[in-house]
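# Structural description and commentary
The chain contents come next:
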Amino acid sequence: MTQTPACPPPLPEAEAEDGTEVNTEAENQTENKAGSKAENPAENQSENPDGPESEADFELALPAPALTPGQAFDALYAYAAPALVRQTYLLTGRRELARESVERAFQLAWQRWPEVAVDRDPAGWVRAAAYEYAMSPWHRLRLRHRTPEPPPAALDDRRLLSVLLSLPPAYRRTVLLYDGLGIGLPETAAETEASTPAAAGRLLHAREVVAARVPELADPGELRLRLTELGSKESLRTAAKPVVVRSGSERRARRWTRAAIAFTVLLIGSTAFTLRTAPDHYEAPQAPAATISGVPPRSGAGPLSEEEQEVRVKLRSTFQNGPERLRPELR
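Residues numbered from 1 in each chain as written. Predicted model: local features only at pLDDT ≥ 70, side-chain atom pairs only at ≥ 80, totals over all residues. Heavy atoms only, no water.

A few words now on the nonpolar core. One finds Phe-106, Val-126, Leu-160, Val-175 and Leu-223 to be the most contacted residues of the largest nonpolar core, which totals 44 residues. Going through the elements one at a time, α6 (69–92), α7 (95–111), α8 (113–117), α9 (122–134), α10 (155–166), α11 (169–180), α13 (196–213) and α14 (220–233) are the ones with two or more residues in this core. At ten residues, the largest contribution of residues to this core is made by α6. (Core = buried A, V, L, I, M, F, W, Y, C linked by side-chain atoms within 4.5 Å. Buried < 20%, exposed > 50% of the residue type's maximum accessible area, 1.4 Å probe, protein only. Helix = DSSP H or I, 4+ residues; strand = E, 2+ residues; numbered from the N terminus.)

This part covers the side chain of Thr-188. In this structure, Thr-188 sits in helix α12 (residues 185–191). Once residues lying within four places of it in the same chain are set aside, the contact partners of Thr-188 are Thr-174, Leu-177, Tyr-178 and Ile-183. (Contact = heavy atoms within 4.5 Å.)

Moving on, we get to the layout of surface pockets. Size it by volume and the largest pocket reaches roughly 510 Å³. Every residue lining the largest pocket is counted, 23 residues in all, and those nearest its centre are Leu-91, Thr-92, Arg-94, Leu-165 and Arg-172. With four residues, the single largest contributor to the lining of the largest pocket is α10. (1 Å grid on protein atoms, 1.4 Å probe; cavity = no way out; pocket = protein on both sides within 12 Å on 5 of 7 lines; lining within 4 Å. Points joined across faces, edges and corners; volume = space filled by probe spheres on them.)

Another aspect to go through is the packing of aromatic side chains. Given two aromatic rings, one states the distance between the centres and the angle between the planes to describe the pair. Scanning all chains against the criterion turns up six aromatic pairs. Where Phe-73 meets Trp-113, the ring centres are 5.7 Å apart and the plane angle is 80 degrees; that geometry is what we call edge-to-face. With Phe-73 in helix α6 and Trp-113 in helix α8, this residue pair connects regions lying 40 residues apart in the sequence. Taking the relative accessible area as the measure of exposure, Trp-113 reaches 10% and is therefore buried. Ring geometry for Trp-110 versus Trp-113: centroids 6.2 Å apart, planes at 40 degrees, classification tilted. (Phe/Tyr/Trp six-rings, centres within 6.5 Å; stacked < 30°, edge-to-face > 60°.)

Set out below in C-alpha cells:
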C-alpha cells in the first residue's frame, strides 16, 4: 500500500460552516506542529473515504519554482513601468523625459539587482530613482528641454498641470506621493529625505496653492481622483522592452568600466612620467641680479674712424711679416 504525503485533508462541510471551530482547530494544529491525522495515516484514510489526494492537488501543494533574476526583473518592469511613466509625467510635464527617467531607473535597478531584489519595496526603489533623475536641475541645459511640449487637450487638465509645475520640486513630489499615490506621511517623508513635520508642511502648502488656483480641488479626495485621471488620459509611450533595458544597462556598465580603466591607466602613466622627469636633488635658486656702481658697462667696439680705416688699409697692403729687417753688409 502506497503512503501519501502527510497533508491535512479537507474539512467536512459541517465544520466549514462554523468558522469559529475551523479557526480554533487550525491554530491548535499550528501550535502542536503535528496533528493526530498526520501521525495516523490509517485514520486519515478512514476520515477521507475518497482515498488519497488527487495528483492535481499534490502538484498545487508543491512550492512554485524560483524565478531567475531576469524573469523577476521583467515581472517588476511589466508591473511598475506604465504607472511610473504617468507619475513622472505629472512631475515634469514632459512625455519624453518621463519615459527616459523610467528607463534609466530600471537600468540602474538591473545594475544593482541583488540590492533591489531583497528590498521590501522594489517598485518604490525604482520609483525613487526615476523621480531623482526626472527632477535633476541639469535637464535645463539640454537643448530639447528648452522648448515647451504641447499641453493636455482639456482645459481642466492644463490648469492642474500648470499648478503642479509651478510648485517647487520637493512640494510637487510630496503631493504626488501622498495625494496621488496614497502613500503614508512617514513613508513620503522618508522617500523625499525630509522629516515628517517638514513633509506635512510641504503637503499643506501645496494643497493651499492648488486650492487657491483650482477651487474645486480643495478636497484631497477630489485632488487624488484628478491626479489619477490626468495621468491616465495622456497617451504616454512606455519605455523600451525589459530585454532592451537590461541589455542597455549592461552596455552602459561596460562603458563605464572601460572608462574607469582608461582613466586609471592614464593616471598611472602620468604619475610614472612625473617621477621619471622630476629632479632628484636640490638645486639652490640663483640670486637675483643687482647693479654695481663705478663699473663701466660692458660694451663692444664701435665703428672705425677715417684714420683708423686708412691704417687698416696700409697694414693689409704691406707684407704680413712686417717690414724688412736691417742687416749689415759684408765688404
